[in-house]
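Tertiary structure, described
Here is how the chains run, residue by residue.
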Number of protein chains: 2
Amino acid sequence: MPRPQFDRNIALNKSVDLFWQQGFHAASMQQVFAATGLKPGSIYHAFGSKEGLFKESIEHYTKLSMAKARAQLEQATSISKGICELLERLINESQNRDYCSCLLVKSQLELNIEHPELNQLITQNLQKTEDQYAELLSQEFDSDLSKIYASSLMLHIFGIRVYGYQLKDTSQLLKSLRISLHWLPWENSLN
Amino acid sequence: MPRPQFDRNIALNKSVDLFWQQGFHAASMQQVFAATGLKPGSIYHAFGSKEGLFKESIEHYTKLSMAKARAQLEQATSISKGICELLERLINESQNRDYCSCLLVKSQLELNIEHPELNQLITQNLQKTEDQYAELLSQEFDSDLSKIYASSLMLHIFGIRVYGYQLKDTSQLLKSLRISLHWLPWENSLN
DNA sequence: AACTTTGTTGAACATTTATTCAAACTAACC
DNA sequence: GGTTAGTTTGAATAAATGTTCAACAAAGTT
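Note on numbering: residues in each chain are counted from 1, in written sequence order. To read the labels, note that chains go from A and ligands from 1, taken in the order they are written. Note on the predicted model: pLDDT of at least 70 is required for a residue's local features to be given, and 80 or more for side-chain atom pairs to be given and counted; whole-chain, interface and lining totals, by contrast, use all residues. Neither water nor hydrogens contribute to the side-chain values; these are computed over all heavy atoms in the structure.

Moving on: the packing of aromatic side chains. Residue and element names in this part refer to chain A. Stacked, tilted and edge-to-face are the three classes applied to pairs of Phe, Tyr and Trp rings, where Trp contributes its six-membered ring and a pair requires centres within 6.5 Å; stacked means planes under 30 degrees apart, edge-to-face means over 60, and tilted covers the rest. Using the criterion set out here, one finds 20 aromatic pairs over all chains in the structure. Where Phe19 meets Phe24, the ring centres are 6.1 Å apart and the plane angle is 25°; that geometry is what we call stacked. Measuring from centroid to centroid gives 4.8 Å for Phe24 and Phe54, while their planes differ by 65°, and the two rings are edge-to-face. Of the two residues, Phe24 is situated in the loop between helix H1 (8-22) and helix H2 (29-36) and Phe54 in helix H4 (residues 50-75); the sequence distance between them amounts to 30 residues. Under the relative-accessibility criterion, Phe24 is labelled buried at 6%. With a 1.4 Å probe rolled over the protein chains alone, any residue whose accessible area is under 20% of its type maximum counts as buried; one over 50% counts as exposed, and the rest are partly exposed. Judged by relative accessible area, Phe54 falls into the buried class, the value being 1%. Taken together through their ring pairs, the aromatic side chains of Phe19, Phe24 and Phe54 make up a single cluster. Remark: a charge is flagged as sitting over a ring if the NZ atom of Lys or the CZ atom of Arg is within 6 Å of the ring centre and within 35 degrees of the ring normal. Above the plane of the ring of Phe24 lies Lys50, whose end atom (NZ or CZ) is 4.7 Å from the centre. What counts as a helix is a DSSP run of H or I of at least four residues, what counts as a strand is a run of E of at least two, and both are numbered from the N terminus.

Within the secondary structure, A:Phe6 is located in the segment before H1. Sequence separation between A:Phe6 and A:Leu38 is 32 residues, and the spatial gap between their C-alpha atoms is 8.6 Å.

Residues and elements named next belong to chain A. Definition used for salt bridges: Asp or Glu carboxyl oxygen within 4 Å of a side-chain nitrogen of Lys or Arg. Inspection of the entire model under this criterion finds 16 salt bridges over all chains. Of the charged contacts in the structure, one is a salt bridge between Glu74 and Arg70, with a shortest N-O distance of 3.1 Å. Linking Glu74 with Arg70, this pair stays in helix H4, spanning 4 residues, or about one helical turn. Its relative accessible area of 46% is what places Glu74 among the partly exposed residues. Taking the shortest distance from any N to any O, the salt bridge between Glu135 and Arg70 comes out at 3.0 Å. Within this pair, whereas Glu135 is found in helix H7 (residues 116-137), its partner Arg70 is found in helix H4, the two being separated by 65 residues in sequence. Taken together, the shared-partner salt bridges in this structure form one network comprising Lys68, Arg89 and Glu93.

Residues and elements named next belong to chain B. In the contact formed by helix H4 (residues 50-75) and helix H5 (residues 79-93), the axes pass within 7 Å of each other and the chain directions differ by 130°. Looking at the two axes, H4 sits oblique to H5. In this structure, H4 meets H5 at a crossing whose hand is right-handed. Of the residues in H5, those in contact with Lys68, Ala69, Gln72, Leu73 and Gln75 of H4 are Ile79, Gly82, Ile83, Glu85, Leu86, Arg89 and Glu93. Taken together, the residues that form the contact of H4 with H5 break down as 5 nonpolar, 3 polar and 4 charged. Every angle, taken between N-to-C directions, lies between 0 and 180 degrees, and every axis is a line fitted to C-alpha atoms, over only the stretch in contact when it is a helix. Angular relationships are summarised with four words: roughly parallel below 35 degrees, roughly antiparallel beyond 145, roughly perpendicular across 65 to 115, and oblique for the angles in between. Helix crossings get a hand from a simple test, with the near helix turned counterclockwise from the far one by less than a right angle marking a left-handed crossing and a clockwise turn marking a right-handed one. Any two residues whose heavy atoms approach within 4.5 Å at even a single point are treated as in contact. In this classification, Asp, Glu, Lys and Arg are treated as charged, Ala, Val, Leu, Ile, Met, Phe, Trp, Tyr, Cys and Pro as nonpolar, and every other residue, Gly included, as polar.

Here we take up the relation of the copies chain A and chain B. Our superposition of the copies is a least-squares fit, built on the C-alpha atoms of residues whose pLDDT is at least 70 in both. Aligned on chain B, chain A shows an RMSD of 0.0 Å; the corresponding rotation is 180° and the shift along the axis is 0.0 Å. The superposition of one copy onto the other is thereby described by a two-fold rotation axis. Of the residues that chain A buries at the interface, 100% are likewise interface residues in chain B, meaning the two copies contact each other through the same surface.

Of the residues lining the interface, 42 residues belong to chain A; the matching set on chain B comes to 42 residues. Once two parts are joined, some of their accessible surface, as seen by a 1.4 Å probe, is lost; buried area is that loss totalled over both. For the pair chain A and chain B, the summed buried area comes to about 3,800 Å², and 61% of that belongs to carbon and sulfur atoms. Broken down residue by residue, the surface that chain A buries against chain B is led by A:Leu109, A:Leu155 and A:Gln166, which jointly contribute 19%. Put simply, chain A and chain B have 0 salt bridges between them. Distance and chemistry together define a polar contact, namely a pair of N or O atoms within 3.5 Å, with one atom able to donate a hydrogen and the other to accept it when in protein, and with adjacent residues in sequence counting only for side-chain atoms on both sides. Summed over the shared surface of chain A and chain B, the number is 15 residue pairs in polar contact (both at pLDDT 80 or more). Only H1, helix H6 (103-110), H7, helix H8 (143-163) and helix H9 (170-180) of chain A provide two or more residues apiece to the side of chain A that touches chain B.

Encoded structure:
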């Protein structure tokens, strides 16, 4: 083997950040070259096309995102308690000035039927995410209920991922979540 | 006044459809010219720029969308009953082969902080939508509760707008909604 | 009927886009 | 140490992008 190849993970991290912030169409390959410090030939040799790079970025993002969720749920005192913490984290994250939702959600909405492969890939990865929630929830609930709860959880996370842009005061949304996700063991609070 | 101006509403309808299907970045001005049958000069004379056309499209879409929601809620036997019907309609619409979510939701996620004006406009229009729900709900609930319910409703609608791409079987999602939006007067069903 | 006003036309423009490829380079292998 | 195979280079390419503008045409005004 000749000259060692560039570090794929570092390049993917930079690409994920770029696609995440800008979206697939608005992110240009020039920006990819600038962000990764790599030249066109290297990127195209390694990923084939913009779409190829995007596919790997999606996979990379999903892997990190699912690992983060799993870690948070497993370190909590219970899975459902962990979900409360996770939802609170998502709401807090949405208050950041550079908040940009979730790469999968953004991409699902951006890429229409003219990109069937990408759409399928995104759908698959969102499904994997939901399946992981169902699996973790099944430690506490029976299998059928876990699936319904996982599905409801996804719906609420999607909602938060969009509503995040709208929010000024998080307390009202938290109140809403306590009402609609009433099967979760929310902490009692006095306000 | 010289030669009569083209019909602005027709042009906006076509533009809305295009931006809705493709998104702001993927929709090209060439596609606008093709869809409207107008020449570059006419469009630029009337709307100034792609961003100008997009802004008016957003306003146009919001107007139609809010009117549709209001009509559905007012023709129902009660506002909350109308909301059930509206949610069911949204879920059904998401099963269409050419489903493309909601223009406001898509745009909110696509246009990042590099388009601050557009972002603000979208946020405003989503807020108007939420305010209308709160106003209509206040016919049935007190003012504070109406606001919380409206906010929760928005969250669920956003969720449906994203989850719509994921859905195969709508019955599970409907079940979820019945659980989380338990304050709505859902029809009893045997399945 | 001449003039002004104003929307329309469509070719042309400068940028930017994703992508290519022959040449240069480097590390491993014989 | 020469050969080879795979990686990087970066200028170049063709196509597409949003936008402009001088010429044109039709209605209102005098």
